[in-house]
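Working through the structure, step by step
Letter by letter, the chains look like this.
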Amino acid sequence: MAQAIIKLTNVTKLYGRHRGIDGVNLSVQANEIFGFLGPNGAGKTTTIRCIMDFIRPSQGSVKVFGKDMHTNSVQAKAKIGFLPADSMLYPKWTGQDHSDYYGNLRSNANISELANRLDLDLNVQVRHLSTGNKQKLALALAMLGKPDLLIMDEPTKGLDPLLQQEIYNILHEYKRGGGTVFVSSHNLPEVEKICDRVGVIKDGTIVASETMQSIRAKSIHIVTVSTTNKIALDDFKSPKTEIIHYSEKHIILKVHGNINPTVQAASRYKLKDLEVTHANLEDIFLEYYR
Amino acid sequence: MTSAMIWKEVKDRRVSLVAYTVAGMGLVLMYVALYPSLQGQAATYAKLMESLPKGFAEAFGVDANFLATLEGYIASEMFSFMWPLLAIFYMVSRAGGAIAGEIEKGTIGTLLSQPVTRSSIYWAKVYAAIISLLIFTFATILTTIPFALLFKLKVDTLNYFTLTIVGLLFGLAVYGFAIMLSSLSSDKTKVYGITGGLLFSMYVADVVSALTQNLSWLKYTSIFYYFDAPAALVHGHINNLSILLFIVSAIVFLIIGRVIFTKRDISI
């Protein structure tokens, strides 16, 4: 198996008594777009901060391009482009000032090509830019010097759909060019659109790390039963069934795995309507969050 | 790479450098311009000073014959109080903004993601502050010479260079302490508050030690005791202990600051 681009081994970060993340194991392979999901406070940003060596794990190791991020982060960072969740740029600087400064730290790279594509005026001071244009500039700076790995914390937050789509296109092109992307997001349709694989973090622990294909193949059905007689709730109760809605003659269930027992239970009633649908991706992700 | 970071720091903070330097030069010009009219009343002032309690003049760094020379006058009026105050404000604001301020605003995030060590980021900020301190100190102290010549006053040129050396080391010691706190904090107001509070306590200790005989030992705890502008400017004298203390404390604080900055967690 090829060497992982990002490899976290048993990473724990303690903030006093509170655990930020706990025993996180994660690996991102070359040339994949890896989505990192989780509810607020689950540990996404803590994990990213550990990867970028902004904070140091209390335990475990973080390697990027095979380099330990605590002892050899400079070599690794030469190949990493980073887009923080809330990009804080120097308000009095123009985009060109940012490009010149950070370009100087990265072998005189510049962002003019990407700025043109994003229709971004580099001669305007950051304080006069709209949220969208600030994000465009931050994205262009993250891609400065054509890094091999992009680490992005919610890259499309607060952007309009057109710009979101442009960013997805850029990421797909970047991947086609051989790049690897680690992206955290709250936006599930976005994850579905761009990611090859996802990791889900909950309460500081990784609860899933799967390909999008296997997530889509998860067997979760929504079963809606309408009857002419009164439904006994116990008929539908099982460890793999979750009751979403219940009234005397109507019940909606979320069924994990085999739906036959549920359908058989429904068949004992005089049915007015029976509907079985696949759960959407959002429902599947929410399963992990719970 | 480091030169780009140093240049960025100098360029970004040029407005405050110009503001503090112009303010300092303006004060020097004002005191030099006032001196010719006060010079004639030197004997009257000397009598007045002698009538005051012994420790009173000492507490505020004023000699009975302070009006006899421009150096005595300007050392007492400008370089014993106003200049250290300006230098402290400037160096503490530089240090607070350099690290804690950038963490507070989040602007340090993009810099930390670049292929540069934290150590080089830290030293770039320190070198830039030293360059600014050199400009501020040279401009605000040595400018007395041309201003004095403008008013046809006699000056002891060499003593101004002596004071410049003492002033530089004083500023560096203050900056060292403040940047150490800045490395530790994510809130620049804490840097201002703690450094300001400590320096104010030292100033009070210096004044109290001169006014109260049995508390005279307190002067040794104050940085202002070691910054002896009249000794440097009037007598061209540098106290070796002061120089050693400023150098050692600056080096120790700068190194501690570097260790803290490279080891700490930065949550941005």
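Note that this is a predicted model, so its numbers are computed, not measured.

1. Looking at the packing of aromatic side chains
By the definition in use, this model includes 24 aromatic pairs over all chains. A centroid spacing of 6.0 Å and a plane angle of 80° characterise the contact between F170 of chain B and F246 of chain B, whose relative ring orientation is edge-to-face. Of this pair, F170 of chain B sits in helix 9 (residues 157-184) while F246 of chain B sits in helix 13 (residues 240-263), and the two are 76 residues apart along the sequence. F246 of chain B shares its class with F170 of chain B; the two are buried. Just above the ring of F65 of chain A sits the side chain of K79 of chain A; from NZ or CZ to the centre is 4.7 Å.

2. Concerning the packing of helix 7 (residues 118-142) of chain B against helix 9 of chain B
Residues and elements named next belong to chain B. For the pair helix 7 and helix 9, interaxial distance at closest approach is 9 Å and the crossing angle is 150°. In this structure, helix 7 crosses over helix 9, and the sense of that crossing is right-handed. Note on element contacts: helix 9 touches helix 7 through Y160, F161, L163, T164, G167, L168, G171, L172, Y175, I179 and S183, opposite Y122, K125, V126, A129, I130, L133, L134, T137, F138, I141 and L142.

3. Here's the deal with the domain arrangement of chain A
All names here are of chain A. Assigned domains within chain A: domain 1 (6-216) and domain 2 (220-289). Between domain 1 and domain 2, the residue contacts involve 15 residues of the former and 6 residues of the latter. Counting each side, the surface lost to burial between domain 1 and domain 2 is near 1,000 Å², with a carbon and sulfur contribution of 76%. Here domain 1 is connected to domain 2 by 0 salt bridges. Here domain 1 is connected to domain 2 by 0 residue pairs in polar contact (both at pLDDT 80 or more).

4. With respect to the nonpolar core
With 163 residues, the main nonpolar core has I6, I151, F182 and F285 of chain A together with I74, F79 and F170 of chain B as its most contacted residues. Here the element with the most residues in this core is helix 5 (residues 70-105) of chain B; it accounts for 18 residues. Looking at which domains feed residues into this core, each of domain 1 (6-216) and domain 2 (220-289) of chain A supplies at least three. Every residue in contact with F182 of chain A, bar those within four places of it in the chain, is listed here: I6, L26, V28, F34, F36, I48, I51, L149, L150, I151 and M152 of chain A.

5. Here we look at the sheet that holds strand 4 (residues 59-64) of chain A
All names here are of chain A. The strand order across the open sheet built from 4 strands is 2-1-4-5, with neighbouring strands paired in antiparallel fashion. On the outer flanks of this sheet lie strand 2 (18-28) and strand 5 (67-68), each paired with one strand and no other. Looking at chain direction, strand 4 and strand 5 are connected through 2 bridges and run antiparallel. The residue bridging V64 from the neighbouring strand is K67, located in strand 5. Contacts from helix 1 (residues 44-51) reach strand 1 (6-15), strand 2 and strand 4 within the one sheet, and its direction differs from that of strand 1 by about 115°.

6. Overview of the interface of chain A and chain B
For an interface, size is often stated in terms of accessible area lost upon the parts coming together. Contacts between chain A and chain B engage 22 residues on the former and 27 residues on the latter. Three residues stand out in chain A for area buried against chain B, namely F54, Y90 and L105 of chain A, and they jointly supply 28% of the buried area on that side. Here K13 of chain A makes a salt bridge to D265 of chain B, at a shortest N to O gap of 2.4 Å. At the junction of chain A with chain B, the criterion picks out 14 residue pairs in polar contact (both at pLDDT 80 or more). If one sorts the elements of the side of chain A that touches chain B by residue count, helix 3 (residues 95-104) of chain A sits on top with 4 residues. Taken together, the residues of the side of chain A that touches chain B sort by class into 14 nonpolar, 1 polar and 7 charged.

The rules behind the values
As a convention, each chain's residues are numbered from 1 in the sequence order in which they are written. Lettering of chains starts at A and numbering of ligands starts at 1, both following the order in which they are written. Given that the model is predicted, a residue must reach a pLDDT of at least 70 before its local features are reported, and side-chain atom pairs must reach 80 or more before they are shown or counted; all residues, however, enter totals for whole chains, interfaces and linings. Hydrogens and water are ignored here; the side-chain numbers use all heavy atoms of the structure. In summary, the pairing rule links any two rings of Phe, Tyr or Trp, Trp by its six-membered ring, whose centres are within 6.5 Å, and it sorts them by plane angle into stacked for under 30 degrees, edge-to-face for over 60 and tilted for everything else. Here a helix means four or more residues in a row that DSSP labels H or I, a strand means two or more in a row labelled E, and each is numbered from the N terminus. Three labels apply to residues, based on accessible area from a 1.4 Å probe with only protein chains included: buried if under 20% of the type maximum, exposed if over 50%, partly exposed otherwise in between. In our convention, an over-ring charge means Lys NZ or Arg CZ found within 6 Å of a ring centre and within 35 degrees of that ring's normal. Axis definition: a line fitted to C-alpha atoms, over the contacting stretch in the case of helices. Angles run 0 to 180 degrees between N-to-C directions. Each crossing is labelled by how the near helix is turned from the far one, with a counterclockwise turn of less than a right angle marking it left-handed and a clockwise turn marking it right-handed. The contact criterion used is simple: two residues touch if any of their non-hydrogen atoms lie within 4.5 Å. All domain edges in this entry derive from an automatic or database-based domain assignment. Note on definitions: buried area is the accessible-area loss of two parts on being combined, 1.4 Å probe, summed for both. Between Lys or Arg on one side and Asp or Glu on the other, a salt bridge is scored when a side-chain nitrogen of the former is within 4 Å of a carboxyl oxygen of the latter. Counted as a polar contact is a pair of N or O atoms within 3.5 Å, where, for protein atoms, one must be capable of donating a hydrogen and the other of accepting one, and residues adjacent in sequence contribute only when both atoms are in side chains. In this text, buried Ala, Val, Leu, Ile, Met, Phe, Trp, Tyr and Cys residues form a nonpolar core when linked through side-chain atoms within 4.5 Å. Following DSSP output, two strands are said to pair if at least two bridges run between them. Note on residue categories: nonpolar means Ala, Val, Leu, Ile, Met, Phe, Trp, Tyr, Cys or Pro, charged means Asp, Glu, Lys or Arg, and polar means any other residue, Gly included.

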